[in-house]
Amino acid sequence: MSLMVDIEKKVKGFHLKVSLETEGDYLGILGASGSGKSMTLRCIAGIETPDRGRIILNDKVLFDADTNINLMPQQRNTGYLFQNYALFPHMTVEENIGIGLRLPEKNRNEQVGSMMEAFQLQGLGKKFPGQLSGGQQQRVALARCLVYKPDILMLDEPFSALDAHLKEQLQEGVRKLLKLYDGDVLMVTHSREEVYSFCQKLVVFEEGVSILYGDTKAIFKRPKYHAVARLTSCKNISPCYRVSDHQVYAMNWDLVLTSADPVTSAVKYVGVRAHDLHLVNERRVANRDNLIRWNMNKVIEDVFEYHVYLDKGDAGKAKADAILLCKVAKEKWNQRALGEEVMVNIPREAVLLLE
Amino acid sequence: MQLSPILISLKTASVAIFFTFLLGLFAAQWVVKIQSKKVKMIMDGILTLPLVLPPTVVGFFLLFVFGVNRPLGRFLLHYLGVRIIFSWPATVIAAVVVSFPLMYRSARGAFEQVDQNLIMAARTLRLSERQVFWRILMPQALPGVVGGGILAFARGLGEFGATAMIAGNIENRTRTLPMAIYSEVAAGNMDTAGYYVIIVLTISFLVVVLTNYVSIKEGNHEK
């Protein structure tokens, strides 16, 4: 089970330049909207044709610009779950799932039946897609992809069309259903939570270019690039310059921060995740790294935490990018002694050096 | 009032819609697939022209093509012994040419409105191009296609100008309902003309209602 993609394509507005590889893992494609994620899936499925490069799936060449190989979508054996599921509205659930199966009717009905059972669609066979709930539609679409045993399953923003309260429930369901499938899985998303919980490997897109590829957890820990830090939702980012081997000066915040990683000459930005700003009590603080005492600019209450905005104390006149966002669990915030100053500490490991 | 104009009109419109329907579908599918925007615009312009031109201009061009002294007309006459001009087939040709743009434009609009994701999904699900057309594109575009067909039928039924020029107004042969109305009015027989008018009105009204019925029925199906 392996996929190798190395393609270029000029599309209106940007230049797609993708190179990625995966072997039997769930690979997440993370990027802002319009960064070429879906276009990449379409190139793999054969719906779009790249200008240059190669796509190889399990030793089968799907596309090679040099030798003029370009298999039809029908010959590629890929499964593509569309964002809006693309169920055929004029066909029943059964017909949707079985439409492309070239089998005698009896065998086809058997396969469709067992697929419907596995995907908890019993009794819905005669219904039309318009009569189903969002979750049911998604299961039909997934069953329709998997009944062909594709070599690779591509999920295009699989949960974006669903209500928030349904999402978590369905993610769990989909995770279980995907266990029925042992091929490669590619998942396009702009949600860091989805990527983090679904995919071992991750490739990050910026403006059509795959800029970083690697282990999902490692990328979240060391985003390496400004764009990746932003996409993995690092809220505090400032341009910086090097002070010493382990120190940078953050220009927006007028702060010198000490990092665990060595500062190379390529480092141009420094980032700190909002959860890594730890509220501390000055008298009891043990770790004195990056200890700062700033003013509270404003506090916004979220469901499970407070979003505390800090500034240097220019009487609330701080510029928007000179503000640090700190996310604090409610319990912790409420336990703070009244009137206590806001003192935060940023562990060295949490100082992200970015290019 | 005679029966023959009614029969000739229905016969002409029925045969014409058969050709118009197929040609329109074919042209629509072909134009939708054209990649270059410029070529698409020009082809669309040419195919739509009969809709906006005065029917007499269309008739003029048809005379130009099928006239007995023209290459095609002469070929048909000398080698096949068929004279198109002032014969019943000419009424069909005039109706086809004039009603074609209605069919073509409706079908094209209907094809273009089909969700492209459905077409792409069908391809990844291993449906052949022919299956994609017949099992996905056509059913999805059907209300628009049928609506276009009905409109084209009505237009063919009402064709007058081009028919007058290439088929003439020969009683029992090329005198269609619109021709008959013209002749009766010209002869001062307003009553007879009135009967024909009522027939045309009835058929046309039924056709329009039928179009609406088809689109409403198809719209409900998915819900």
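What counts, and where the lines are drawn
- Residues numbered from 1 in each chain as written.
- Chains lettered and ligands numbered in written order.
- Predicted model: local features only at pLDDT ≥ 70, side-chain atom pairs only at ≥ 80, totals over all residues.
- Helix = DSSP H or I, 4+ residues; strand = E, 2+ residues; numbered from the N terminus.
- Buried ≥ 20, exposed ≤ 12 C-beta atoms within 10 Å, placed from the backbone.
- UniProt positions renumbered as here; feature names shortened; annotations may be inferred.
- Pairing = 2+ DSSP bridges.
- Axes fitted to C-alpha atoms, helices over the stretch in contact; angles between N-to-C directions.
- Domains from an automatic or database assignment.
- Nonpolar A, V, L, I, M, F, W, Y, C, P; charged D, E, K, R; others polar.
- Contact = placed C-beta atoms within 7 Å.
- Parallel < 35°, antiparallel > 145°, perpendicular 65-115°, else oblique.
- Left-handed = near helix turned anticlockwise from the far one by under 90°.
- Core = buried A, V, L, I, M, F, W, Y, C linked by C-beta atoms within 7 Å.
- pLDDT = per-residue confidence, 0-100.
- Expected span 1.5 Å × (residues − 1).
- Bend = angle between axes of the 7 residues up to and from the residue.

(A) Representation of the overall build of chain A within the structure. Along chain A, the regular secondary structure elements total nine helices and 22 strands. Looking at chain A residue by residue over its 355 residues, the buried ones come to 38%.

(B) Region of the structure containing the UniProt feature "domain: ABC transmembrane type-1" (unreviewed entry) in chain B. Under the UniProt annotation, the feature "domain: ABC transmembrane type-1" (unreviewed entry) is placed at residues 6–211 of chain B. Between the end C-alpha atoms of residues 6–211 of chain B the distance is 22 Å, and the span holds 82% helix and 0% strand.

(C) Highlighting the sheet that holds strand β12 (residues 236–244) of chain A. All names here are of chain A. Ordered in space as β14-β13-β12-β15-β22, the five strands form an open sheet in which the pairing is antiparallel. Across the chains shown, the open sheet's two edge strands, defined by having one partner strand only, are β14 (255–258) and β22 (352–354). Across the sheet, the mean angle from the axis of one strand to that of its neighbour is 40°, orientation sign disregarded. Pairing of β12 with strand β15 (residues 269–272) involves four bridges; the strand directions are antiparallel. Following the sheet pairing, S238 is matched in β15 by V270.

(D) Highlighting the UniProt feature "transmembrane region" (unreviewed entry) in chain B. As annotated in UniProt, the feature "transmembrane region" (unreviewed entry) corresponds to residues 12–32, 44–68, 80–104, 132–154 and 193–214 of chain B in the numbering used here. As a span, residues 80–104 of chain B carries 68% helix and 0% strand, and end to end its C-alpha atoms are 30 Å apart.

(E) The arrangement of the domain arrangement of chain A in detail. Residue and element names in this part refer to chain A. Assigned domains within chain A: domain 1 (2–226) and domain 2 (234–355). Spacing between the C-alpha centres of domain 1 and domain 2 amounts to 39 Å. Among the residues making up the side of domain 1 that touches domain 2, the classes are represented as two nonpolar, one polar and two charged.

(F) Just the interface of chain B and chain A, in detail. With 15 residues of chain B in contact, the opposing surface of chain A contributes 18 residues. Counting residues per element, the ones that place at least two in the side of chain B that touches chain A are α6 (116–124) and α7 (129–158) of chain B. Considering every element that reaches the side of chain B that touches chain A, the biggest residue donor is α6(B), with six residues. Looking at side-chain class alone, the side of chain B that touches chain A contains seven nonpolar, four polar and four charged residues.

(G) Representation of the packing of helix α2 (residues 37–52) of chain B against helix α5 (residues 88–113) of chain B in the model. All names here are of chain B. α5 packs onto α2 with a crossing angle of 125° between their chain directions and a minimal axis gap of 7 Å. Comparing the axis directions of α2 and α5 gives the class oblique. Both α2 and α5 take part in a crossing whose hand is left-handed. Between α2 and α5, the residues in contact are L47, T48, P50 and L51 and V97, V98, F100, P101, L102, Y104 and R105, respectively. Within the contact of α2 with α5, the residues separate by chemical class into nine nonpolar, one polar and one charged.

(H) Quick look at the nonpolar core. Ranked by size, the top nonpolar core spans 142 residues in total, and within it A:A143, A:M154, A:V270, B:A94 and B:I166 carry the most contacts. Counting only domains with at least three residues in this core, you end up with domain 1 (2–226) and domain 2 (234–355) of chain A. Setting aside chain neighbours within four positions, we find B:A94 in contact with B:G59, B:L62, B:E159, B:A162, B:T163, B:I166 and B:A167.

(I) The confidence of the model for chain B, seen in detail. Per-residue confidence for chain B gives a mean pLDDT of 90; residues scoring 70 or more make up 97%. For this predicted complex, the interface confidence score (ipTM) comes to 0.78, while the overall pTM stands at 0.79.

(J) Up close: the sheet that holds strand β21 (residues 343–345) of chain A. Residue and element names in this part refer to chain A. Strand order in the open sheet formed by three strands is β16-β21-β17, and the pairing between neighbours is antiparallel. The strands lining the two open edges of the sheet, one partner per strand, are β16 (278–280) and β17 (291–293). Within the sheet, the average angular offset between the axes of one strand and its neighbour, ignoring direction, is 35°. Summarising the sheet, β16 and β21 pair through three bridges and their orientation is antiparallel. Looking at the pairing, H278 lines up with N345 of β21.

(K) Structural detail: the pairing of strand β11 (residues 209–215) of chain A. Residues and elements named next belong to chain A. Alignment of strand β10 (residues 201–206) against β11, held across six bridges, turns out to be antiparallel. Opposite K201, over in β11, you have D215 as the bridge partner. Linking two consecutive strands that pair antiparallel, namely β10 and β11, is a turn of two residues; a positive phi of about 45° is found at E207 within it.

(L) Quick peek at α2(B). Between its first and last C-alpha atoms α2(B) spans 22 Å; for 16 residues at 1.5 Å apiece the expected length is 22 Å, and the two agree. Along α2(B), the sharpest kink reaches roughly 35°, centred on B:I46 and followed within four residues by the proline B:P50.

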